[in-house]
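# Reading the structure
Chain by chain, the residues run as shown.
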Amino acid sequence: METAVTKTGTEDKIWGGGNEPLKVSYGKMMMWFFILSDALTFSGFLAAYGFSRFKFINSWPIADEVFNHFPFLHGVDAPMYYVALMTFILIFSSVTMVLAVDAGHHMKQKKVILYMFLTIIGGFIFVGSQAWEWKNFIKGEYGALETKGGQILQFVDTDGHRVALKDIAIVNTHNERVQHENKNGVWYDKEKVLPAFSVEEIKAGFSKNKDLLLRTQILTEKGAKTILTREESLKRLNGDVIGIVEGANMVHNEYGNPLFANFFFFITGFHGFHVFSGVIINIIIFINVILGTYEKRKNYEMVEKVGLYWHFVDLVWVFVFTFFYLV
Amino acid sequence: MAHDIAHHESNTGKIWKVFILLSVVTIVEVILGIIKPAFLIDTTFISMKLLNWIFIILTIYKAYYITWSFMHMDGETKGLRRSVVWTGIFLICYLIFILLTEGDYVYEVFRAGYKSWDF
C-alpha cells in the first residue's frame, strides 16, 4: 500500500509517520475491527436468546422435534441432519475461500477465479437451505392448540408419538365459517387467515378417539415434554383452549414459546442476511478478479479482506448451530 | 502486505487438514446430539448438562481453528491479535454472565412467585 502513503523524508524516525505498528494495511485492520463489532452484535443476540431460554428453562421447545426435516424424505424424523449438512456446506465454502486467498498470494489468477466461484456457489446453496428451513418452520407440521394463557398444547397418542390436527378433527361440513374481509367491515379490518379446523371440530374428534392425549410445554426431569392423562387432557381442552395454531410466526408458534420463533427468525435471519451480503461482496470481487484488477495492482489483498468477512460468517454459523440446534 | 510476499509457501495441505478437523468435530457433535448418551445428560456441571458443556467447548475449538487458520490470525502481530480477540472475549463473557444470571433469576421468580401463567 506504499502508493497511498505520502513520503515525508523522515521514515527512519519513529515519529516520522508511515509507521505500521500492527503491520497490516488500513483496510485489513478495519475489516478486523468491523468483524469484532459485528461479533459483539451477534453475541448480543445470542446472549439475549440465552437469557430468554434460561427464563423459560423448563418449557423451551426441543430443537430436535422442531427441525427434523430433510429434502425428499417426507415424514421421516431426521433431526439435525439437514443443519449438519448446511454447516458442512458453509465450512466447505470457507475452505474454498481460504484456497482462493492462498492462490492470490501466489498470483494465480485462474485458481482464484475457480475457488471464488465455488465459494459463491456454496453461499447460494446455504442461503437456499436457510430459506427451505424457514419454510418448514413457518408452515409447521402437526399443529397445536393455544390456551388462554398463551400456552401451547400438542397432541400425542398413547405411545407418545405426535398426532396432526388433520388426523383428529371431525370436520363439520354444515358450519361454514366465513373469513371476514376488509371490504365488508366498517373499519376495513381484515381477519387473519382462518385455521383449517375450528376448536369445536378438534374437540369433537378428541372426545371420540380415546387414544389421544395432550402434551404441555413443561419439560420433565428427563427433558421430554409432559404428557397429561386422558382426564387432565379433556379438562384442559374443554376449559382453557381458545384457538388453533398451525406453524409459526412472530405471535403464535405451534412448537411452543413464541419467543423461540422470534429469536429463530431474528438470529438466523440476520445471519442469512450476512451470508447474502457476503455473496454479493464476493461476486463484486470475483468480477474484479476476472477483469484482472488485482493482477494490475500486483496483489490480491481485496480477496483476503472479503475472505475475512466470509470466514466470519462461517464462524457465527458455528455458534448459531450450537445454540439453536445442539444445546 | 507487511508479512511479506516472499515467504508465502503454499498452505494448501494445512487448509485441508483443518477442513477435515472441523468436519470431524461437527460429525462428533451431530452424533452426540442424536444419541444423547444418558450419563452426559444426567451429569451436570455448574448447573448445565455435561453434554451441553461438550458442545460449547467443541464450538470454541472450531472457532479457534477458523480464526487462527482460515482467517490467518496466527500471522498477525500480537497487538492486533490481542486487541481483537481479548476485547471480544472479555465483553462476550461479561455479557453472557450478566444475562444468564438475570435469566435464571427471572425463572425463579416465575416459578416461585404468585403469578400463574400456565392456564
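Note that the structure is a prediction, hence the values are computed from the model and not measured.

Moving on, we get to the overall build of chain A. Across its full length, chain A holds nine helices and five strands. Reading the helices (α) and strands (β) of chain A from amino to carboxyl end gives α-α-α-α-β-β-α-β-β-α-β-α-α-α. The C-alpha atoms of chain A give 27 Å as radius of gyration, which overshoots the globular expectation for 327 residues (20 Å, by more than 25%). Once the C-alpha set of chain A is aligned to its principal axes, its extents read approximately 90 × 45 × 40 Å. Within the span of chain A, comprising 327 residues, buried residues form 38% of the whole.

What follows deals with the interface of chain A and chain B. With 50 residues of chain A at the interface, the matching set in chain B holds 48 residues. Elements represented by at least two residues in the side of chain A that touches chain B include exactly α1 (26-55), α3 (81-105) and α9 (301-326) of chain A. Considering each element in turn, the side of chain A that touches chain B owes the most residues, 14 residues, to α1(A). Here the residues of the side of chain A that touches chain B are counted per class, giving 27 nonpolar, 15 polar and eight charged.

Quick look at the pairing of strand β2 (residues 152-156) of chain A now. Residues and elements named next belong to chain A. The pairing of strand β1 (residues 144-147) with β2 spans two bridges and is classified as antiparallel. Each bridged residue has a counterpart across the sheet, and for Glu146 the counterpart in β2 is Ile152. Where β1 folds back on β2, the antiparallel hairpin that results is connected by four residues, among which Gly150 adopts a positive phi of roughly 80°. Pairing of β2 with strand β3 (residues 213-219) involves three bridges; the strand directions are antiparallel.

Once that is clear, we can look at the confidence of the model for chain A. Averaged over every residue, the pLDDT of chain A is 89; the share at 70 or more is 95%. Across chain A, element-level confidence peaks in helix α7 (residues 258-291) of chain A with a mean pLDDT of 96 and bottoms out in helix α2 (residues 63-66) of chain A with 88.

Residue and element names in this part refer to chain A. Between helix α4 (residues 109-139) and α7, whose axes approach to 9 Å, the crossing angle comes to 155°. Taken as axis vectors, α4 and α7 run roughly antiparallel relative to one another. Classified by chirality, the crossing of α7 by α4 is left-handed. When the residues that make up the contact of α4 with α7 are grouped by side-chain class, the tally is 18 nonpolar, eight polar and no charged.

With domains assigned, chain A is organised as domain 1 (22-140 + 259-326) and domain 2 (144-175 + 191-246). Here the C-alpha centroids of domain 1 of chain A and domain 2 of chain A sit 38 Å apart.

Conventions and cut-offs
Residues numbered from 1 in each chain as written. Chains lettered and ligands numbered in written order. Predicted model: local features only at pLDDT ≥ 70, side-chain atom pairs only at ≥ 80, totals over all residues. Helix = DSSP H or I, 4+ residues; strand = E, 2+ residues; numbered from the N terminus. Rg over C-alpha atoms; globule rule 2.2 N^0.38 Å. Buried ≥ 20, exposed ≤ 12 C-beta atoms within 10 Å, placed from the backbone. Contact = placed C-beta atoms within 7 Å. Nonpolar A, V, L, I, M, F, W, Y, C, P; charged D, E, K, R; others polar. Pairing = 2+ DSSP bridges. pLDDT = per-residue confidence, 0-100. Axes fitted to C-alpha atoms, helices over the stretch in contact; angles between N-to-C directions. Parallel < 35°, antiparallel > 145°, perpendicular 65-115°, else oblique. Left-handed = near helix turned anticlockwise from the far one by under 90°. Domains from an automatic or database assignment.

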